[in-house]
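Understanding the architecture of this molecule
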2 protein chains.
Amino acid sequence: MFRDFEPIGDRPVYIQLKDYMKLIIIKGALQPHQKLPSTRELGVQMKLSRNTVISAYAELEEDGFIYVVRGKGNYVAAVSGGTATQACQIDWLERINDHARLAEQLDLMKHGIRAQKGTISFTSIAPDETLFDIGNVKRAFMDRMSVEGDVLLNYGYAKGYKPLMDFLLRYMQHKGVDLKGKDILITNGFTEGLDIVLSALGKRSGRVLCENPTHHTAIKNFKLHGFQITGIPMEDDGISLTELERALSEQPYDCAYFVPSYHNPTGIVMSPKKRQELMSLMNQYGIPVIEDGFNEELRYTGSHVSPLMAGVGNGNSVIYLGSFSKVLFPGMRVGWVLADAELIDYLESIKRARTIHTSTLDQSVLYQYLHNGNLEKYLKKARTEYKRKYELTMQCCKEHIPYAQLSGHGGLHLFVTFEIGFDTRKLLELCSELGVIFTPGDIFFTDNRGCNTMRLGFSRVTDEDIIRGIKIIGDTARQLMK
Amino acid sequence: MFRDFEPIGDRPVYIQLKDYMKLIIIKGALQPHQKLPSTRELGVQMKLSRNTVISAYAELEEDGFIYVVRGKGNYVAAVSGGTATQACQIDWLERINDHARLAEQLDLMKHGIRAQKGTISFTSIAPDETLFDIGNVKRAFMDRMSVEGDVLLNYGYAKGYKPLMDFLLRYMQHKGVDLKGKDILITNGFTEGLDIVLSALGKRSGRVLCENPTHHTAIKNFKLHGFQITGIPMEDDGISLTELERALSEQPYDCAYFVPSYHNPTGIVMSPKKRQELMSLMNQYGIPVIEDGFNEELRYTGSHVSPLMAGVGNGNSVIYLGSFSKVLFPGMRVGWVLADAELIDYLESIKRARTIHTSTLDQSVLYQYLHNGNLEKYLKKARTEYKRKYELTMQCCKEHIPYAQLSGHGGLHLFVTFEIGFDTRKLLELCSELGVIFTPGDIFFTDNRGCNTMRLGFSRVTDEDIIRGIKIIGDTARQLMK
C-alpha cells in the first residue's frame, strides 16, 4: 500500500499525494472509517516530508474524503455512493440523430489525409505563427488584467465586451459602412456567426445562393441547416453576374453568401465595379446578403476595396461576418456579426441560449492589442511575408505546372485548375506517398464538380518546402497525364 | 477641413489620424486622385508633429487609401466602390423564424427587472469576483505564453487542448468515475455542452425528464430543441423517486436531466442512497442521463458525494456536463462533456461545425492555473466565504420570513417557498420599488407552478445588503399577506 506513489512533473507534490489518496479511497482500497497512518508514519513510508503529508491530509479533509477525530487521528470518510444495482449500456449509434451523422460525415478532419511527420502540407490556410508578436499579446493581457481583471473573469454580456464592440463599429465605419440602424454581436468566430444567422433565418424557399466554388465550412453549415444550395460559377474578377441573374430570375432564395475579398478557395478579389453591380442585383430581387469578410486585411497591392456592405448606404440587407482569424490569432476565437439592429437583437438571444457569451478574456485582450496600435504593425509584417510567399508559390507553379490555370490575387492560398478530366484526388494520393499533400478542390464545389482543381495553402510552408513540394506536384502531375 | 480632428485617450495619435483621414476619404470629402497637403503643411494645419503625419500617411498608403507619386506627393486613391443603384430595406421581423422568436421570448435578460444603481440584487448566482486570485491567473497566463504562446494563438482542435483534457479526465477519475470507454470534449461552458448534446439526440419519444423546479437555461434549451418536458417534484433530499417511477412507467423518454449537487434553484444535495436508487431506476428503463455538475465543488460540510456518473461503473448511459463557472472564472467560458467515446466522436463534429473549437488561450490558462495547485487554495477561501454568506442569509430568512420554507444545503443561493397562493411576482414588484430584487421562482418550473417561490442568490451581495435586503423582503411580504 502507498508504495506505488510517484510524484512526477512540476505539480505541487502535496496535491499529487491528495489525488493519489482520493483514487485509492474511491477504488475502495481503503475502507470507510478506516484509520489512516499518522502524518509522520505516512511520510516515512512514502519517503515524503511530514509537511507534504500534513498538507495533503488537510486537502482531503477539505474535500470531504477524510475526517479528523480530535486526539485520535484521521479516518477515511464514507464517500462512495455505491454502484447502481443495474448496469446499462446505451447503443449511442442508435440514439443519435441524422444531424449528428451529417455533421460527422461533413467533418473534413475525420475524412481527409493526415499529414505525417515531415510531410509538406499545402492544406492549411491558418496564419504563420512565427509572425505572431507574442510580446504584444502578453502586454495587452497584463494591461487589461490590471485595469479590470475581476470584471473580465466574471460573466459578461451575450452581445459582447463593450470596448471591443465600439472599436469594431468604428473599424467597420472606416471601411465605409453606414452604421445607422445597425448593431454588432461578438461571436466565437466566423463559423459561429454563420451558424447563428442560419439558425434565425426563416425558410421561405429553403434555398441559398453562393459562389461556386466557395468556403467548405459555409457549404457544410447550409447543409446542416437544411438549405438547398445553388452555386454560381466565377469569372476572373468574381462571380458571374450573368449566371447570377439567370438564377435569380428562375427561383426565389432566402439569402446569398459571398466572399468578395481573397475568396476562399479561388483567392479572387471582386472588382469595385462588380461589387456595385452585384449589390444592385441583390437589392433588386430583395435578397439578404451574408458577406464573409475573410481575408480583407491581406490586401497586397492596389487601392482599398470597400466591403459589399459599404455599397448599400443605409440599406439593411447585408449581414457582415467578420473575424481576424486569418490574420491575427485564430486560437482566441473572436469574430463579429454586423447587421440590422433588429436582427442582431434576435441573434443575441440565440447566442445567449447556446454559449452565454464569447470569452471576455479573449475579447478584452484582443481589444487592448488593437487599441495599442499593434494590428497595423503586425499587418505590415504579415502582408510583406505572405506576399513574398504568394509570389514564390506563383512562380513555382508557373514553372512546374505551367499548363494549369492559376487564380488568386493574394491572401494565403492559390487555386489551381487542371484540364477537365484530370483527377486531383488521384494526384493527391500519389503526391502523399511522396510526402506532399494539398486540399483537393472538389470539397469547395456545391455540385460535385471541381475534381480537376486543388487549393494550395502556403501561409505555413517554408520557402524550401514550397519549392520542393510544388516540384513534386508538377512531376507527379506530368506522370499522371501520360 | 481637417480642423475638427481631436485625438483623445491613449491610442497612438498617428493611428487616430489615419482613421480620421480614412473616414473623410470614404465619405467623399476628399475626391479620388485629389492631391493631399504635404506632411509639413498638414502638421502645421492640424497642430501635429510632422512625424505623426508621416506615420499616418504611411499607414494610409499601406492600407490602399492613398498612393504616392514620386517627386510629386500623396494622392487620394479611388476607394469607393460606389453605392448600389437600388436601395433595399429588409423587414427582418418577417424574415426570422420561430426558433429565433422563441429564443428571444425565453431570454430572461430581455424580460426581467433590471437592477438600478444601488439596488440590492439577489438575482445573481455568479461568483464573487473579490475572491478571484487575479495574480495567479496572470502567472498562469505568462507561464503558458512563454512555453507555447505561438501554438496557443493559432488554430487548435475541436475536442480541446490536450493538457486540459488529460487534467479533467484525471479530475473526474478522482471523483470516482470509471473512464473506460469514455472520452471528453471541451466546450464553451455547460450551456454549449447541453446545446450540442440535445442537437445530437434523436427524438424517439420527443420527451425529456427532469427535476421540477430546475435550471432555467436547461428548460429553455429543451424547448428550443423541441422536446416536451416532464418535471418530477422534489423532496427534501432530492427528486421524488416515487413520482419518477410513475412517470417512467407511463411514457417513454429520450433522456433525463438532473442536477444532483447544490441543485439550481433549490440548493438541495441528493443523498448517496438516493443517487444509487435513482441510477438503478434509470438503468432499469434504459434512459440516458445528462448530469449537470453545477456546484459540486462548493460542498461546505460532510463527506464528498460522488457524481451520478461514478455510480454506474463502466456503464455508458451518463453524459456528465462539467464547468468551473460557478466557482472559478465564468468569463473564460470553458466547460466539458464526459461521456461514451462513440457519442463524443459525434459531438466533436457538431462542435467543429459550429464554433471550430473553444479558445485555446482560455483552456491553457485554466489548465496552468489548475496545474499550479490554485484551485485548492481558491476553493478553501471561496467555500469559507460562501458558507458564511449562506449561514447569514439563512439566519436573516429565519428571522424575517419565518413562515416560509427554506431549502438549500449550500452553494450560492437559497430557495424560498411561501404558502400556496402567495404571489412572489407581486412581492418582487413591491420590493423592487423599495430597491430590492430577486428571481421569481416560477421560471424554474416546467409546469407554470411555483408562483409562490423565489430564489435568493447571495454570492455577490454584501453582508449589510443581505441583512437589509431580506428585512425589506420580510416586511413587504408581511404587508402583502394582509
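Since this is a predicted model, take the numbers as computed values, not measurements.

Digging into the overall build of chain A
Looking only at helices and strands, chain A has 16 helices and 16 strands in total. Dimensions of chain A, computed from the C-alpha atoms along their principal axes, are close to 90 × 60 × 50 Å. Counting all 482 residues of chain A, 64% fall into the buried class. Accessible surface computed for chain A: about 18300 Å², of which carbon and sulfur atoms make up 49%.

Looking at the sheet that holds strand E12 (residues 405-407) of chain A
Each strand in a sheet pairs with another by means of backbone hydrogen bonds, the pair being arranged parallel or else antiparallel. All names here are of chain A. Ordered by their spatial adjacency, 4 strands build an open sheet running E12-E13-E16-E15, and the pairing between neighbours is antiparallel. Across the chains shown, the open sheet's two edge strands, defined by having one partner strand only, are E12 and strand E15 (439-440). Pairing between E15 and strand E16 (residues 453-457): 2 bridges, direction antiparallel. From the neighbouring strand, Pro440 faces E16, where its bridge partner is Met454.

Looking at the side chain of Thr439(A)
Inspection of the secondary structure assignment puts Thr439(A) in strand E15. The residues contacting Thr439(A), other than those within four sequence positions of it, are Phe122(A), Thr123(A), Phe444(A), Met454(A) and Arg455(A).

Things to note about empty space enclosed by the protein
Under the definition given, this model contains 8 cavities of 30 Å³ or more. One number sums up the size of the largest cavity: a volume of about 370 Å³. Lys22(A), Asp63(A), Tyr171(B), Lys175(B) and Glu297(B) are the residues nearest the centre of the largest cavity, which is lined by 25 residues in total. For the lining of the largest cavity, the elements supplying multiple residues, two or more each, are helix H1 (13-26) of chain A together with helix H7 (162-173) and helix H14 (374-400) of chain B. Tallied by class, the residues present in the lining of the largest cavity amount to 9 nonpolar, 3 polar and 13 charged.

Some points on unusual backbone geometry
With an omega of 10 degrees, the peptide bond between Asn264(A) and Pro265(A) qualifies as cis. Relative to the elements of secondary structure, Pro265(A) occurs in the loop between strand E8 (255-258) and helix H11 (272-284). Geometrically, the link from Asn212(B) to Pro213(B) is a cis peptide bond, its omega value of 10 degrees lying close to zero. Of note, Pro213(B) is situated in the loop between strand E5 (207-212) and helix H9 (216-224). Non-glycine residue Tyr262(B) carries a positive phi angle of around 55 degrees. Looking at the secondary structure, you find Tyr262(B) in the loop between strand E8 (255-258) and helix H11 (272-284). With a phi angle near 60 degrees, Asn448(B) is a residue other than glycine that sits in the positive phi range.

Regarding the interface of chain B and chain A
Counting residues at the interface gives 137 residues for chain B and 137 residues for chain A. The contact between chain B and chain A buries some 12200 Å² in all, and 55% of this surface belongs to carbon and sulfur atoms. Of all residues in chain B, the largest losses of buried area upon contact with chain A belong to Trp92(B), Arg95(B) and His174(B), amounting jointly to 7% of the total for that side. Summed over the shared surface of chain B and chain A, the result is 16 salt bridges. With a shortest N-O distance of 2.5 Å, Glu376(A) and Lys18(B) are connected by a salt bridge. The interface formed by chain B and chain A includes 61 residue pairs in polar contact (both at pLDDT 80 or more).

What about the relation of the copies chain B and chain A?
Laying chain B over chain A is done by rotating through 180 degrees and shifting 0.0 Å along the axis; what remains is an RMSD of 0.0 Å. Within this description, the copies of the chain are treated as partners about a two-fold rotation axis. A shared binding surface is used by both copies, with 100% of the interface residues of chain B retained as interface residues in chain A.

Topic: the packing of helix H10 (residues 241-250) of chain A against H11(A)
All names here are of chain A. It is at 11 Å that the axes of H10 and H11 come closest, and there the two elements cross at 5 degrees. As the angle between them shows, H10 and H11 are arranged roughly parallel. On H11, the residues touching Leu241, Leu244, Glu245 and Leu248 of H10 are Lys274, Glu277, Leu278, Leu281 and Met282. Classifying every residue of the contact of H10 with H11 by side-chain character gives 6 nonpolar, no polar and 3 charged.

Topic: the sheet that holds strand E9 (residues 289-292) of chain A
Residue and element names in this part refer to chain A. Pairing within the open sheet is mixed, and its 8 strands lie in the order E4-E11-E10-E9-E8-E5-E6-E7. At either end of the open sheet lies a strand with only one pairing partner, and these are strand E4 (182-187) and strand E7 (238-239). When E8 meets E9, the two strands line up parallel, connected through 3 bridges. Opposite Ala256, over in E9, you have Val289 as the bridge partner.

Some words on the packing of aromatic side chains
On inspection of all chains with the given rule, the structure shows 34 aromatic pairs over all chains. Measuring from centroid to centroid gives 3.5 Å for Phe141(A) and Phe141(B), while their planes differ by 10 degrees, and the two rings are stacked. Of this pair, Phe141(A) sits in helix H6 (residues 134-153) while Phe141(B) sits in helix H6 (residues 134-153), on two different chains. As far as the burial class goes, Phe141(A) and Phe141(B) line up, both buried. Positioned over the ring face of Phe227(A) is Lys203(A), at 4.5 Å from the centre of the ring. Positioned over the ring face of Tyr253(B) is Arg207(B), at 5.9 Å from the centre of the ring.

Some thoughts on the environment of Asn264(B)
Residues and elements named next belong to chain B. Mapped onto the elements of the fold, Asn264 is located in the loop between E8 and H11. C-alpha of Asn264 to C-alpha of Phe141: the two residues are 123 residues apart in sequence and 32 Å apart in space. Within polar-contact distance, the side chain of Asn264 engages the side chain of His215 at 3.1 Å.

Overview of helix H10 (residues 241-250) of chain B
Because an α-helix completes one turn every 3.6 residues, residues spaced three or four positions apart along the sequence face the same direction. Residue and element names in this part refer to chain B. Those residues of H10 not exposed but buried are Leu241, Leu244, Ala247 and Leu248. Seen along its axis, H10 keeps its buried residues to an arc of 120 degrees; they face one direction. Along H10, the residues that are exposed and aim more than 90 degrees away from the buried face are Thr242 and Glu250. In this structure, the buried residues of H10 make contact with E5, strand E6 (228-235), strand E7 (238-239) and H11.

Things to note about the domain arrangement of chain A
The assigned domain composition of chain A is domain 1 (13-76), domain 2 (101-130 + 380-481) and domain 3 (133-375). Of note, the centres of domain 1 of chain A and domain 2 of chain A, computed from C-alpha atoms alone, are 58 Å apart.

Criteria and thresholds
Residues numbered from 1 in each chain as written. Chains lettered and ligands numbered in written order. Predicted model: local features only at pLDDT ≥ 70, side-chain atom pairs only at ≥ 80, totals over all residues. Heavy atoms only, no water. Helix = DSSP H or I, 4+ residues; strand = E, 2+ residues; numbered from the N terminus. Buried < 20%, exposed > 50% of the residue type's maximum accessible area, 1.4 Å probe, protein only. Areas by Shrake-Rupley, 256 points an atom, 1.4 Å probe, with all protein chains shown as cover. Pairing = 2+ DSSP bridges. Contact = heavy atoms within 4.5 Å. 1 Å grid on protein atoms, 1.4 Å probe; cavity = no way out; pocket = protein on both sides within 12 Å on 5 of 7 lines; lining within 4 Å. Points joined across faces, edges and corners; volume = space filled by probe spheres on them. Nonpolar A, V, L, I, M, F, W, Y, C, P; charged D, E, K, R; others polar. Buried area = accessible area lost by both parts, 1.4 Å probe. Salt bridge = Lys/Arg side-chain N within 4 Å of Asp/Glu carboxyl O. Polar contact = N/O pair within 3.5 Å; in protein donor to acceptor, adjacent residues only side chain to side chain. Least-squares fit on C-alpha atoms with pLDDT ≥ 70 in both. Axes fitted to C-alpha atoms, helices over the stretch in contact; angles between N-to-C directions. Parallel < 35°, antiparallel > 145°, perpendicular 65-115°, else oblique. Phe/Tyr/Trp six-rings, centres within 6.5 Å; stacked < 30°, edge-to-face > 60°. Lys NZ or Arg CZ within 6 Å of the ring centre and 35° of its normal. Arc of directions from axis to C-beta. Domains from an automatic or database assignment.

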